[in-house]
Amino acid sequence: MADQTNHNQAGEVAPSTVDKQAPSVAEEHAPSTDSPEATDIPTANAPDPKAANPEDNPNAAKPAAVPPKREKPAAAAKAAGGEKPAATGEKPAAAAAATGEKPAAAAKAAKKEKAPAVEDKPFVEFIEQDYLPALQKAIAQQGVQDLQVSFAKQKVPITGFESSEECWQIIGSWTEIGQRQFNLYFPEEDIQGKKGFSCNEGKKPSTLESFLIDERRITLDLLVFGLVQRLDGQKWLGIN
């Protein structure tokens, strides 16, 4: 068998090709001494993390845990109670009062005060300015052409009341068909107080009736309607 050792001209033994390749192969797969570095040479103890089943291999790569989604305070409150949270831009009433701010409605009411009702006027002023004109118009619409209306403070012209004190009265009369007269009495000088009614045709009245005693609050329209209805019940209006 021939000797595989090569000899150069000086008689020195030259290394074989296997000896030349061994260091380079070892250096290629050996880790660097400067910094730790993973190699692609599989080890006997640790299987490939990428190829191993996560259930069997504890060293297998695991997916990163997904943090729970945080809900916004408004959405969380809505999901918990089913109610919408109060708008953060709105100020509570106490805060508005502390800062001197007024709600829009209060500011509008402060600029324009509500006009008082005509029924809240002084008694005489209400009768002369509001009730008499409205009553004359309503009776004229029923066909009465020559109505005469006056407002005076005098005794009740009924038998048995001659000694009574004077009270405010509305006296209406017309002569279209005979002499017809009615009196509306206000003994308390208050439209919300007691009221009386009497009527006659050319003679002195003999009966004093209560007028609108079942109404809780008297208004201008009710006072007009009540008297027109009473005269119509007497058959003094329209075709009567």
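Now for a description of the structure that goes with this document. Treat the numbers as computed from the prediction; the structure is a model and nothing was measured.

So, how was this worked out
Residues numbered from 1 in each chain as written. Predicted model: local features only at pLDDT ≥ 70, side-chain atom pairs only at ≥ 80, totals over all residues. Heavy atoms only, no water. Helix = DSSP H or I, 4+ residues; strand = E, 2+ residues; numbered from the N terminus. Buried < 20%, exposed > 50% of the residue type's maximum accessible area, 1.4 Å probe, protein only. Contact = heavy atoms within 4.5 Å. Areas by Shrake-Rupley, 256 points an atom, 1.4 Å probe, with all protein chains shown as cover. Salt bridge = Lys/Arg side-chain N within 4 Å of Asp/Glu carboxyl O. Core = buried A, V, L, I, M, F, W, Y, C linked by side-chain atoms within 4.5 Å. Expected span 1.5 Å × (residues − 1). Bend = angle between axes of the 7 residues up to and from the residue. 1 Å grid on protein atoms, 1.4 Å probe; cavity = no way out; pocket = protein on both sides within 12 Å on 5 of 7 lines; lining within 4 Å. Points joined across faces, edges and corners; volume = space filled by probe spheres on them. Nonpolar A, V, L, I, M, F, W, Y, C, P; charged D, E, K, R; others polar. Pairing = 2+ DSSP bridges. Axes fitted to C-alpha atoms, helices over the stretch in contact; angles between N-to-C directions. Parallel < 35°, antiparallel > 145°, perpendicular 65-115°, else oblique. Left-handed = near helix turned anticlockwise from the far one by under 90°.

**Considering the overall build of the protein chain**
When helices and strands are counted, the protein chain shows six helices and seven strands. The linear arrangement of helices and strands in the protein chain, starting from the amino end, is β-β-α-α-α-α-α-β-β-β-β-β-α. Buried residues in the protein chain amount to 23% of all 240 residues. Nonlocal contacts in the protein chain, meaning residues at least 24 apart in sequence, comprise 43% of its contacts between residues at least 6 apart. For the protein chain, the accessible area works out to roughly 18300 Å², and carbon and sulfur atoms hold 53% of it.

**Overview of the pattern of salt bridges**
This structure, assessed with the given rule, holds five salt bridges. For Lys-153, the salt bridge is made with Glu-189, and the minimal N-O distance between the two is 3.0 Å. Pair noted here: Lys-153 is in strand β3 (residues 148-154) and Glu-189 is in the loop between β5 (180-186) and β6 (196-200), with a separation of 36 residues, a long-range link. By relative accessible area, Glu-189 is classed as partly exposed at 38%.

**What about the nonpolar core?**
By size, the foremost hydrophobic cluster in this structure holds 31 residues, and its most contacted members are Ile-127, Tyr-131, Ile-139, Ile-170, Phe-182, Leu-227 and Leu-231. A total of eight residues in this core trace back to one element, the largest contributor, which is helix α5 (residues 123-140). Apart from the residues lying within four places of it in its own chain, the contact partners of Ile-127 are Leu-132, Pro-133, Phe-151, Ile-170, Phe-186 and Ile-191.

**So, α5**
Under the 1.5 Å per step criterion, the end-to-end length of α5 is 24 Å for 18 residues, consistent within 8% with the ideal 26 Å. By the largest-angle criterion, Tyr-131 marks the main kink of α5, which is about 40°, and a proline, Pro-133, follows within four residues. Among the residues of α5, those classed as buried are Phe-123, Phe-126, Ile-127, Asp-130, Tyr-131, Leu-132, Leu-135, Ala-138 and Ile-139. The secondary structure elements touched by the buried residues of α5 are β3, β4 (167-174), β5 and α6 (220-233).

**Side note on the layout of surface pockets**
In this structure, the largest pocket encloses a volume near 260 Å³. Considering the residues around the largest pocket, the lining is formed by 20 residues, among which Tyr-185, Pro-187, Lys-194, Lys-195 and Gly-196 are closest to the centre. Split into classes, the residues belonging to the lining of the largest pocket amount to ten nonpolar, four polar and six charged.

**Re the pairing of β5**
Burial analysis of β5 places six of its seven residues in the buried class, which makes it a mostly covered element. As paired strands, β4 and β5 are joined by seven bridges and run antiparallel to one another. Across the sheet, Gly-172 pairs through a bridge with Phe-182, a residue of β5. Summarising the sheet, β5 and β6 pair through five bridges and their orientation is antiparallel. When the bridges of β6 are listed, Tyr-185 appears paired with Gly-196.

**So, the sheet that holds strand β7 (residues 209-210)**
Strand order in the open sheet formed by five strands is β3-β4-β5-β6-β7, and the pairing between neighbours is antiparallel. A strand with exactly one partner marks an edge of an open sheet, and here the two such strands are β3 and β7. Packing of α5 onto the sheet brings it into contact with β3, β4 and β5, and relative to β3 it is tilted by some 150°.

**Observations regarding the packing of α5 against α6**
The contact between α5 and α6 brings their axes to 10 Å, and the two run at 40°. Relative to α6, the element α5 is oriented oblique. Crossing handedness for the pair α5 and α6: right-handed. From α5, Phe-126, Asp-130, Tyr-131, Ala-134, Leu-135, Ala-138 and Ile-139 reach across to α6, where they touch Leu-220, Leu-223, Val-224, Leu-227, Val-228 and Leu-231.

**Here we look at unusual backbone geometry**
Negative phi characterises most residues that are not glycine, and trans characterises most peptide bonds. Although it is not a glycine, Glu-189 sits at a positive phi angle of roughly 50°. Not every positive phi belongs to a glycine, and Lys-235 is a case in point at roughly 65°. Of the residues examined, Lys-235 reaches a relative accessible area of 56% and is grouped as exposed.

Read these as spatial facts, not as claims about activity.
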